[in-house]
Amino acid sequence: MFDKLRNFFFERDTNGNYWYTTKSSDSFTDHETDSLQLAQNHPLLTPGILFISNLFAQGRIEVKNEKTGKKVENHWLTKLLKNPNYYQTQVDLLESIQFMKIARGYCVIYTRRGKEASKPDSFYVLDPELIQYPENFISPFSFKRSDDKIMNQSVVYNKKGENLKIQLKDLIYLFDLPSGFTNLKMVESKKGGKVYNKFVSA
């Protein structure tokens, strides 16, 4: 059924005119069959994903003391979530997280922090497809976060755009795969004559 939905596409020009087109699977380019592009532009899927993401974003987030179970007032995390970055509100960030989890199967949050800072000052949702991992890197969950040797490794995000070098310890992985992370595997994706590492559902 999902393959059939791929063939039903929404298009719009700069003048505001819009129409639906059907395309055979052979006519799709890599860009057109990209899961995020599909989630953002499909006449049937997009409204449903947006609805679910908006519901998720309305949730209340609290920090509780692990020992007492009491709510911690004015915790730095809840303060940061209210203003996660220069461009988004808390609702915007949570919607982006849920949307990306549904579209990609998982999302990655960049916890940006200043030099020598112990706590992050911003949260950004990254597109997992734009992350390039170090050579021989197997999985983001094959190590303990306390392993400094691994956590201090760096990935490159959006090499053709922001071209950010980010340490693994500053990334948080959130998954939305039915089978969990056990079925993820690293593969090589070749585009434009270049090879990129990425994770896919096995």
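As a reminder, the structure under discussion sits directly above these lines.
Along each chain, numbering runs from 1 in the same order as the chain's sequence is written. Selection of residues for local features in this predicted model requires a pLDDT of at least 70, selection of side-chain atom pairs for listing and counting requires 80 or more, and totals for whole chains, interfaces and linings are taken over all residues. To obtain the side-chain values, all non-hydrogen atoms of the structure were included, while hydrogens and water were left out.

A. Molecular detail of the sheet that holds strand β8 (residues 171-175). Here, a strand pair is defined by DSSP locating no fewer than two bridges between the strands. Every helix listed is a DSSP run of H or I at least four residues long, and every strand listed is a run of E at least two residues long, numbered separately from the N terminus. The three strands lie next to each other as β4-β3-β8, forming an open sheet whose pairing is antiparallel. Edge strands, defined here as strands with exactly one partner in the open sheet, are β4 (122-126) and β8. Strand-to-strand twist across the sheet, computed as the mean angle between neighbouring axes with direction ignored, equals 25 degrees. Bridging between strand β3 (residues 106-112) and β8 involves five bridges; their strand directions are antiparallel. Among the inter-strand pairings, Tyr 106 is bridged to a residue of β8, identified as Phe 175. Every residue pair with non-hydrogen atoms within 4.5 Å of one another is taken to be in contact. Angular values range over 0 to 180 degrees, each being the angle between N-to-C directions of two axes fitted as lines to C-alpha atoms, with helices fitted over their stretch in contact. Where helix α5 (residues 90-104) meets the sheet, it contacts β3, β4 and β8, and its direction lies at approximately 140 degrees from that of β3.

B. Main features of the side chain of Gln 88. Within the fold, Gln 88 resides in the loop between α4 (76-82) and α5. Within the structure, the side chain of Gln 88 is placed 3.0 Å from the side chain of Ser 96, a separation counted as a polar contact. Once residues within four sequence positions are removed from consideration, Gln 88 is found in contact with Asn 83, Leu 93 and Ser 96. Pairs of N or O atoms are called polar contacts if they sit within 3.5 Å, as long as, within protein, a hydrogen donor faces a hydrogen acceptor (for residues adjacent in sequence, only side-chain-to-side-chain pairs).

C. The arrangement of the packing of aromatic side chains in detail. Pairing of aromatic rings covers Phe, Tyr and Trp, the last through its six-membered ring, and needs centres within 6.5 Å; plane angles under 30 degrees mean stacked, over 60 mean edge-to-face, and all others mean tilted. Under the criterion given, the structure shown has four aromatic pairs. Each ring, one from Tyr 86 and one from Tyr 87, has its centre 5.3 Å from the other, and the planes form 90 degrees; the classification is edge-to-face. We note that Tyr 86, like Tyr 87, is exposed. With a centroid separation of 6.3 Å and 15 degrees between ring planes, the pair formed by Tyr 173 and Phe 175 is classed as stacked. Residue exposure (1.4 Å probe, protein chains only): buried if accessible area is under 20% of the type maximum, exposed if over 50%, otherwise partly exposed.

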